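The chain contents come next:
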Amino acid sequence: MNVLQGLNQAQRAAVTAGRGPILVLAGPGSGKTRVLTYRIVYLVQEMQVSPWNIMAVTFTNKAAREMQQRLETALEGRLRGLTIGTFHATCARILRREAQQMVGYDADFVIFDTDDQRQVVRQALQELNLDEKKFSPNKMLAGIGAAKNELITPEQYAASNYISEVTHRVYQRYQEILLANNAMDFDDLLMNIVLLFDQRPDVLERYQQKYEHILVDEFQDTNTAQYALLKRLAAGHGNIFVVGDSDQSIYRWRGADFRNINRFRRDYPEAQMILLEQNYRSTQIILDAAKAIIRHNKDRVEKELFTERQGGARIVVHEFYNEVEEADMVVATIERLMLQGLDPGDFAVMYRTNSQSRVIEEAFLRAGLKYRLVGATRFYARREIKDLIAYLRLVHNPADSISFNRIINTPPRGIGAKTQGLLHSWAAGQGLQPAEALLRLVSDPDTQHPFAGRATAMLAGFGQMLREWLGLLRNGANAGDLLDAILQATDYRGYVDDGTEEGQDRWANVMELRGVAIEYGEVSLSEFLENVALISDVDDLEEEASAPTLLTLHAAKGLEFPAVFITGLEDGVLPHSRSLDDGEELAEERRLFYVGLTRAKDQLYLSYAFRRNLYGESAVTTPSRFLLDIPDQLLEGIGSGRSSGQRREETKRRASDWNWASPASTTAYRPGEWRPDSSYPESKSLPEPSRWTEPAGEPRQPAATQTQFRTGQKVSHAKFGEGIVIESKSTGNDEEVVVAFAGLGIKKLVASMARLEIRE
DNA sequence: GGATCTCATGTTTTT
DNA sequence: CATGAGATCC
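In this report, the structure presented in the accompanying data block is examined. Everything numeric in this text was worked out from a predicted model, so none of it was measured.

## Quick look at the packing of aromatic side chains
- Counted under the stated rule, the structure contains 21 aromatic pairs.
- Each ring, one from Tyr207 and one from Tyr211, has its centre 6.4 Å from the other, and the planes form 20 degrees; the classification is stacked. Accessibility classification places Tyr207 together with Tyr211 in one group, the buried group.
- An angle of 40 degrees between the planes, with centres 5.9 Å apart, marks the rings of Tyr321 and Phe610 as tilted. In this pair, Tyr321 is assigned in the loop between strand 9 (315-320) and helix 13 (323-339) and Phe610 in the loop between strand 14 (600-609) and strand 15 (611-614), connecting sequence segments 289 residues apart. Judged on exposure class, the residue Tyr321 and its partner Phe610 are both buried.
- Taking NZ or CZ as reference, Arg96 lies 4.2 Å from the ring centre of Phe109, over its face.
- A cation over an aromatic ring shows up here: Lys210 above the ring of Trp52, its NZ or CZ 3.5 Å from the ring centre.

Encoded structure:
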């Protein structure tokens with residue numbers, strides 16, 4: 001088979017394995033997606049399995065989409081009937097189909113996101129007369145989520161202390177509210193399907209027969225519920241092919257349990273285990289550093305990662321005075337590497353928490369350099385988008401009181417808290433959800449109700465709108481048509497677009513949503529809402545931009561970049577402060593660092609700041625303990641986290657020399673480039689200066705001609721005073737020098753004209 | 001019913 | 001610091 005060409009032996013073994021359980025342990029960069037894709041091709045082409053009998057599950061829509069695209073090419077469209085998607089999307093589809101088998105739900109159920117969940121918990125707390133301050137909705141939600149991930153229903157929930165007793169009651173009420181709203185949260189999609197299968201062996205059997213082959217990506221990220229689901233589906237035939245890497249398990253806090261890999265081996269003792277150990281991404285040096293880091297975690301299945309890319313550029317470690325300098329230097333270094341031929345899209349800047357991105361963004365803005373920010377406020381989490389989705393959801397499912405509550409007075413239409421409270425109790429008295437009661441109010445003029453004249457008019461006005469939208473839906477309107485009707489009837493633009501820049505942004509977001517809705521075209525409202533609920537990210541819309549990528553370490557999983565910067569390597573930031581007192585959590589922080597390191601193909605820059613602003617206060621930091629675990633010979637630059645006292649003296653010296661400590665000048669100019677400096681006594685066996693700026697092996701560009709000025713050099717100019725060289729390159733027979741002058745900013749000078757004097 | 005102020009809060013976030 | 005939610009005031 002031609003797809004087998006170009007696979008190494010282990011990959012080929014995985015792809016061509018026979019039936020039965022197969023566990024593929026795949027190190028970073030070892031081609032696991034390829035293996036998974038080819039395995040499906042192999043099943044269809046060589047083992048004569050119908051695509052209709054295959055289920056492939058991933059964790060992200062992006063991964064599913066990518067695999068689908070690859071398969072389309074490889075199978076030339078012969079993948080009709082293949083089930084490929086995220087756990088959640090696949091479960092939602094099955095649950096909708098089997099809705100009539102579930103007590104209390106119908107096929108129109110909606111999916112509640114985290115925001116909605118919080119509202120439900122708050123409602124539950126209120127109904128139970130519990131104080132939100134004492135029992136924070138987030139804590140309650142965490143408890144409920146943990147239970148669901150472990151397949152513990154409210155009935156089974158065992159309370160061992162006061163808090164868990166409260167959680168139990170809230171959980172119980174929470175589920176009742178969801179059911180009344182014909183809604184499920186993300187965890188329900190998984191749990192309910194397992195519950196259904198356990199109650200209805202006949203239903204389970206149908207799916208067991210259909211899904212004769214099951215393939216799972218990122219298996220280390222499965223939680224108990226997901227594992228239980230897989231186990232049930234595979235119970236008959238045992239054709240389950242899972243790919244994962246416990247060292248890249250970074251979602252423990254979401255219920256993921258990489259021990260499922262061990263469970264798999266126990267549950268399927270006959271399973272074939274295949275290790276993918278050849279890395280096709282990184283240089284040996286990067287791989288060695290990553291291995292040195294991960295080795296400290298206990299109870300691992302050791303993988304002997306190797307690469308054919310021997311050697312490589314050493315990893316640069318650098319301490320900076322504060323996060324502003326760190327960010328400026330990252331940007332300066334990127335600019336410099338770009339001048340050496342790297343593409344803007346070759347860079348990634350990674351950090352532990354989203355809040356760290358701002359300083360880095362500011363540095364990019366100062367430098368006038370474009371960047372691509374991953375994550376931030378997700379499109380579907382924006383208020384205006386959530387509002388409009390709530391309108392659509394209400395039209396789709398008038399029983400959804402959470403959506404109703406969100407928009408009953410948004411935009412403001414004179415229905416305040418008092419009227420809403422009255423409406424709720426009035427509806428409850430009739431055994432109806434608020435929107436249903438409201439609809440009755442407008443359809444039957446004789447309805448008895450407790451509202452005053454003004455309130456009645458307002459309520460009737462809104463009820464009338466809702467009625468019209470429902471009519472449109474009945475007449476076949478799709479999401480786009482409805483959205484237009486809603487925007488018009490509510491004058492939503494007047495509400496969000498106040499003429500300010502933010503207002504225009506908000507309206508632009510609304511228009512973008514409209515664009516998405518129209519794109520969905522013929523698809524039903526129900527399907528549209530399901531996609532929106534399960535996608536919640538539109539990163540694909542700005543994929544083409546070629547610019548450095550800013551992202552959290554979590555968001556970096558699965559990606560790769562020629563040059564990677566990992567910033568904020570300080571105790572309390574990278575091992576995050578919340579993880580310091582728990583061994584398991586610390587191990588996860590280590591894996592997170594490992595994931596970051598293994599994203600780099602050629603060059604890796606690790607940095608930390610001597611001082612960092614946190615919650616408005618500047619505090620002195622300790623370099624990350626993880627840095628100590630990287631062997632010296634892989635590093636260069638000042639400091640590997642060792643003898644930080646000495647290094648700090650150096651930093652301080654430089655700080656006073658160049659006023660780095662002064663905020664004004666910090667932003668006014670960018671100090672010298674980030675490069676190993678032989679004046680630092682503890683720098684060890686520095687390689688030739690060009691070494692870290694060029695990828696290993698073949699340099700991308702011929703070595704630069706000798707220049708008169710060196711980066712980092714102190715120079716003085718007759719008019720501008722003292723400055724520091726940022727960059728210097730020869731231009732034919734002259735030399736162009738970029739110098740940062742304290743207080744004046746950056747100037748580009750021609751050496752022959754500027755008559756710069758070297759000061760040291 | 002709506003605007004303004006005060007206070008607590010604060011990882012990561014595939015769905 | 002910066003955001004969000006509840007309380008208070010107009």
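Text resumes after the structure shown.
## Observations concerning the protein's contact with DNA strand B
- Residues in close proximity to DNA strand B total 30 residues, the closest being Arg254, Arg352, Arg378, Gly416 and Thr552.
- Sugar plus phosphate: this is where 51% of the atoms of DNA strand B within 4 Å of the protein reside.
- The contact in question runs from a phosphate oxygen of DNA strand B to an N or O atom on the side chain of Asn61, over 2.8 Å.
- Ranked by the residues each element gives to the surface near DNA strand B, the list is headed by helix 17 (residues 417-429), at three residues.
- A per-class count over the surface near DNA strand B returns nine nonpolar, 14 polar and seven charged.

## What to know about the packing of helix 22 (residues 501-520) against helix 23 (residues 525-535)
- Where helix 22 meets helix 23, the closest approach of the two axes is 11 Å, and the angle between their N-to-C directions is 130 degrees. For the element pair helix 22 / helix 23, the angle class is oblique. Crossing of helix 22 over helix 23 shows right-handed handedness. Across the interface between the two elements, Leu513, Val516, Ala517 and Tyr520 of helix 22 pack against Phe528, Asn531 and Ile535 of helix 23.

## Re the sheet that holds strand 8 (residues 272-276)
- A sheet is described by the order of its strands in space; here six strands give the open sequence 3-2-6-7-1-8, paired in parallel fashion. Edge positions in the sheet fall to strand 3 (83-86) and strand 8, since each of these pairs with one other strand and no more. The mean angle between the axes of side-by-side strands here comes to 15 degrees, regardless of whether they run parallel or antiparallel.
- Note that strand 1 (residues 22-26) and strand 8 share five bridges and pair parallel. Following the sheet pairing, Leu25 is matched in strand 8 by Leu275.
- Where helix 2 (residues 32-45) meets the sheet, its contacts fall on strand 1, strand 2 (54-58), strand 6 (213-216), strand 7 (240-244) and strand 8, and the angle it forms with strand 6 comes to roughly 170 degrees.
- Of the strands in this sheet, strand 2, strand 3 and strand 6 are in contact with helix 4 (residues 87-97), which crosses strand 3 at around 120 degrees.

## Some words on helix 22
- The terminal C-alpha atoms of helix 22 lie 29 Å apart, and with 20 residues this matches the ideal 28 Å at 1.5 Å per residue to within 8%.
- Regarding helix 22, the residues found buried are Gly503, Trp507, Asn509, Val510, Leu513, Val516 and Ala517. An end-on view of helix 22 places all buried positions within 165 degrees of arc, on one side of the element. Facing away from the buried side of helix 22 by more than 90 degrees, the exposed set consists of Glu501 and Glu519.
- Contacts from the buried residues of helix 22 go to helix 15 (383-396), helix 20 (479-490), helix 21 (492-496) and helix 23.
- Phi for Gly521, located one or two positions after helix 22, is positive at around 50 degrees.

## Considering the sheet that holds strand 11 (residues 372-373)
- Ordered by their spatial adjacency, seven strands build an open sheet running 11-12-10-13-14-9-17, and the pairing between neighbours is parallel. Each edge of the sheet is formed by a strand with only one pairing partner; in this case those strands are strand 11 and strand 17 (635-636).
- Alignment of strand 11 against strand 12 (residues 549-552), held across two bridges, turns out to be parallel. Its bridge partner lying in strand 12, Leu373 is registered against Leu550.
- Sheet strands in contact with helix 12 (residues 284-294) are strand 9 and strand 14, and its direction is about 50 degrees off that of strand 14.

## Considerations on helix 20
- When the terminal C-alpha atoms of helix 20 are compared, their 16 Å separation across 12 residues agrees well with the 16 Å that a helix rising 1.5 Å per residue should span.
- Every buried residue of helix 20 is listed here: Ala479, Gly480, Leu482, Leu483, Ala485, Ile486, Leu487 and Thr490.
- Where helix 20 is buried, its residues touch helix 15, helix 19 (453-474), helix 21, helix 22 and helix 23.
- The distance from a side-chain oxygen at the start of helix 20 to the backbone nitrogen of Gly480 is 3.1 Å, and the residue carrying that oxygen is Asn478.
- Immediately beyond the C-terminal end of helix 20, within one or two residues, lies Asp491, with a positive phi of roughly 45 degrees.

## Some words on the environment of Ala159
- Here Ala159 shows up in the loop between helix 6 (137-149) and helix 7 (162-180).
- Judged by relative accessible area, Ala159 falls into the partly exposed class, the value being 40%.
- Between the C-alpha atoms of Ala159 and Gly596, which are 437 residues apart in sequence, the distance is 39 Å.
- In this structure Ala159 touches Ser164 and Glu165, once residues within four positions along its chain are discounted.

## Things to note about the packing of helix 15 against helix 23
- One way to put it is that helix 15 packs onto helix 23 with a least axis distance of 10 Å and a crossing angle of 140 degrees. Judged by the inter-axis angle, helix 15 sits oblique to helix 23. The element helix 15 and its partner helix 23 pack so that their crossing is left-handed. Of helix 23, the residues touching helix 15 (which contributes Ile389, Leu392, Arg393 and His396) are Leu525, Ser526, Phe528, Leu529 and Val532.
- Of the residues contributing to the contact of helix 15 with helix 23, the split by class is six nonpolar, two polar and one charged.

## Side note on the pairing of strand 16 (residues 617-620)
- As paired elements, strand 15 and strand 16 share four bridges and run antiparallel to each other. Note that in strand 16 the partner of Asn613 across the bridge is Ser618.
- Hairpin connection from strand 15 to strand 16: two residues lie between these consecutive antiparallel strands, with Tyr615 at a positive phi of about 50 degrees.

Conventions and cut-offs
Residue positions are given per chain, counted from 1 along the sequence in the order it is written. Whichever chain is written first becomes A and whichever ligand is written first becomes 1, with later ones labelled in order. Local features in a predicted model are, by the rule used here, given only for residues with pLDDT of at least 70; side-chain atom pairs are given and counted only at 80 or more, and totals for whole chains, interfaces and linings are based on all residues. To get the side-chain values, all heavy atoms of the structure are used, and hydrogens and water are removed first. Pairs were defined over the aromatic rings of Phe, Tyr and Trp, the Trp ring being its six-membered one, requiring ring centres within 6.5 Å. Orientation was assigned from the angle between planes: stacked under 30 degrees, edge-to-face over 60, tilted for the rest. Accessible area is worked out with a 1.4 Å probe on protein chains only. A residue is then buried under 20% of its type maximum, exposed over 50%, and partly exposed in between. Here a helix means four or more residues in a row that DSSP labels H or I, a strand means two or more in a row labelled E, and each is numbered from the N terminus. Two limits define a charge over a ring: the Lys NZ or Arg CZ must be within 6 Å of the ring centre, and within 35 degrees of the ring normal. When at least one non-hydrogen atom of a residue lies within 4 Å of a molecule or strand, that residue is treated as near it. Pairs of N or O atoms are called polar contacts if they sit within 3.5 Å, as long as, within protein, a hydrogen donor faces a hydrogen acceptor (for residues adjacent in sequence, only side-chain-to-side-chain pairs). The nonpolar class holds Ala, Val, Leu, Ile, Met, Phe, Trp, Tyr, Cys and Pro. Asp, Glu, Lys and Arg form the charged class, and all remaining residues, Gly among them, are polar. For helices, the axis comes from a line fit to the C-alpha atoms of the stretch in contact; other axes are also lines fit to C-alpha atoms, and the angle between any two N-to-C directions lies between 0 and 180 degrees. An angle below 35 degrees is read as roughly parallel, one above 145 as roughly antiparallel, one from 65 to 115 as roughly perpendicular, and any other as oblique. Crossings are classed by handedness, with left-handed meaning an anticlockwise turn of the near helix from the far one by less than a right angle and right-handed meaning a clockwise turn. A contact between two residues is defined here by any heavy atoms of the two lying within 4.5 Å. Being paired, for any two strands, means DSSP has found at least two bridges between them. Expected span, for any helix, means 1.5 Å times one less than how many residues it has. Taken from the helix axis, the directions to the C-beta atoms give the arc we talk about.

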